[in-house]
Amino acid sequence: MSLPLYCESPNRASTHLLPKSTKDSPPLSPTRPTNQSSQILRRTTIVLFFLAIQVVLFLHVRPIKLFSHREPSACKSGLVYVYDLPPQFNIDLIKACDSLFPWASFCPSFSNSGFGPASSSDPEFSALVPSPVLQSWFSTNQFSLELIFHQRMLNHQCRTLNPSQASAFYVPFYAGLAVGRNLWSPNSTASDRDKDCSLLLQWLKKQEPFQKSHGWDHFIAFGRITWDFRRSSDPDWGSSFLYMPEMKNVTRLSVERSPWDEMDVAVPYPTSFHPKSLADIQQWQNFVLNHKRSTIFGFAGAPRAEFKNDFRGLLLDECIKAGNKCRSVDCTSGKCEKSGARTMELFLDSEFCLQPRGDSFTRRSMFDCMLAGSMPVLFWKRSAYLQYKWFLPTHGKELDWSVFIDRRDLRGGNVSISAVLEEIGKEKAREMRERVVEMIPKLIYSAEAHGDDIKDAFDVALQGVFQRFKEHRWRLQLGISS
């Protein structure tokens, strides 16, 4: 065998890769390599052989990624396993959208993966927001968190299909929908409100990962407040889901938490803004930061005459007394829910927005307000400061982005909302607005992940879950009881 580059042929000149022949050396054979060329051949063969082995090992022994788009650096906190639950615990509830609530169909709210109908079909709303970001706006129901969270988890880059690789386990049970459909039925019993929850736990406790950890590395997302799952006796409101033994160690992400239960974590209510790109977020931030506002404060709500000493009625009186410094939007009969344009226009036009407690201590309206670049005025610390610790600056930083007026001082006539807000001054108000606008990404649920550049509410929640489980494992290793 001849190697053209390494040996001479009678019909071609030397390549100069080997020494030329001399009078003192025998002529080179055209068909037989010299000793030096033989050594090169052997070395080349050995190198090629080892390269071939490396290729085989790479193709057949390397770990297989379950999701090709996952970058190793993006999953340093761990992988999450999403349980494939029997359909009765999620999919079947979606199919029953017409019968979940007695007063209206929930089917439109489930469209677009839980975002609801696109706002582009609403002429009033379309006239309010910049056209390039209109595609990111929807009419999102405040109870849609379970669907939104589930959808993001199914497409998450750190999701694994192998439970043995997971450091966190997500249970996609739509508990808010399951319990909610029995909350207003006059014939529903405590057993009815507990049925789906009990069946879910019967299924879950048979799963090997749950048996190993007793639920410490499991989490669930609720679209309703924690109090809807804390019935202590049969005649009371809601389900007893959180008092069932299997839920003791499970982390619950809910739009409102109990301050006395460390397994509860409060996450933002879904707003109607679900950006599809970083550009959408940045354009919206610039829009609300520099938007001209004509009133000092605004209030969106409805008085509740049936309640003694109705606080919302007191706020409306304060607004009337303030004259053109305040605007209000009447939300009676669900007017504000039917069209988000009414409240969005108010918040875009107001420097501050009044945020009393709702049916419970929290309101979705606070997040709508901040999304519009308006600063919330709070009257109960449990409305925000003791709730959303993963998402809102606390520990002395509360007044960087909000105003607190004790409700008792307002009831007693000791303070005036208008006077308190005017004392803040334009320069301080501008600093507060910049802080609120900076916080917007952490308060919204994007249509998709934006990588490490910007973390949305979903990203912050999942990172917090991973950190919580990591700390628990660390305590177990040190023998520290939880």
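The structure we're discussing is the one just above.
As the structure is a computational prediction, the values presented were derived from the model and not from experiment.

Inspection of the entire model under this criterion finds two cavities of 30 Å³ or more. The computed volume of the second largest cavity comes to approximately 30 Å³. Taken together, Val171, Leu200, Leu204, Phe219, Ile220, Met247 and Val250 make up the full set of residues lining the second largest cavity. Secondary structure elements with two or more residues in the lining of the second largest cavity: α7 (190–204) and β4 (218–221).

In this section: the state of the cysteines. Overall, the coordinates contain four disulfides when judged by the stated rule. Note that Cys75 is cross-linked by a disulfide to Cys158, the S-S spacing being 2.0 Å. Disulfide Cys75 to Cys158: torsion about the S-S bond roughly -95°, handedness left-handed. Pair noted here: Cys75 is in the loop between α1 (35–61) and β1 (80–82) and Cys158 is in the loop between α5 (145–154) and β2 (159–160), with a separation of 83 residues, a long-range link. Grouping residues by exposure puts Cys75 and Cys158 together as buried.

Right, let's get into the sheet that holds strand β10 (residues 375–378). Taken in spatial order, the five strands line up as β8-β7-β9-β10-β11 in an open sheet, and their pairing is parallel. Looking along the sheet, the strands with just one partner apiece sit at the ends: β8 (326–330) and β11 (403–404). Note: β10 against β11, two bridges, orientation parallel. Along β11, the bridge assignment pairs Val377 with Val403.

It is the contact of α5 with helix α17 (residues 457–478), at a shortest axis distance of 11 Å, that shows an interaxial angle of 75°. By the angle between their directions, the pair α5 and α17 is classed as roughly perpendicular. Residue-level inspection shows Phe149, Arg152 and Met153 of α5 in contact with α17, the latter providing Phe458, Asp459, Ala461 and Leu462. Residue composition of the contact of α5 with α17, grouped by class: five nonpolar, no polar and two charged.

Rules behind the numbers
Residues numbered from 1 in each chain as written. Predicted model: local features only at pLDDT ≥ 70, side-chain atom pairs only at ≥ 80, totals over all residues. Heavy atoms only, no water. 1 Å grid on protein atoms, 1.4 Å probe; cavity = no way out; pocket = protein on both sides within 12 Å on 5 of 7 lines; lining within 4 Å. Points joined across faces, edges and corners; volume = space filled by probe spheres on them. Helix = DSSP H or I, 4+ residues; strand = E, 2+ residues; numbered from the N terminus. Disulfide = S-S within 2.5 Å. Buried < 20%, exposed > 50% of the residue type's maximum accessible area, 1.4 Å probe, protein only. Pairing = 2+ DSSP bridges. Axes fitted to C-alpha atoms, helices over the stretch in contact; angles between N-to-C directions. Parallel < 35°, antiparallel > 145°, perpendicular 65-115°, else oblique. Contact = heavy atoms within 4.5 Å. Nonpolar A, V, L, I, M, F, W, Y, C, P; charged D, E, K, R; others polar.

Everything listed here is a matter of coordinates, which is why it stays silent on function.
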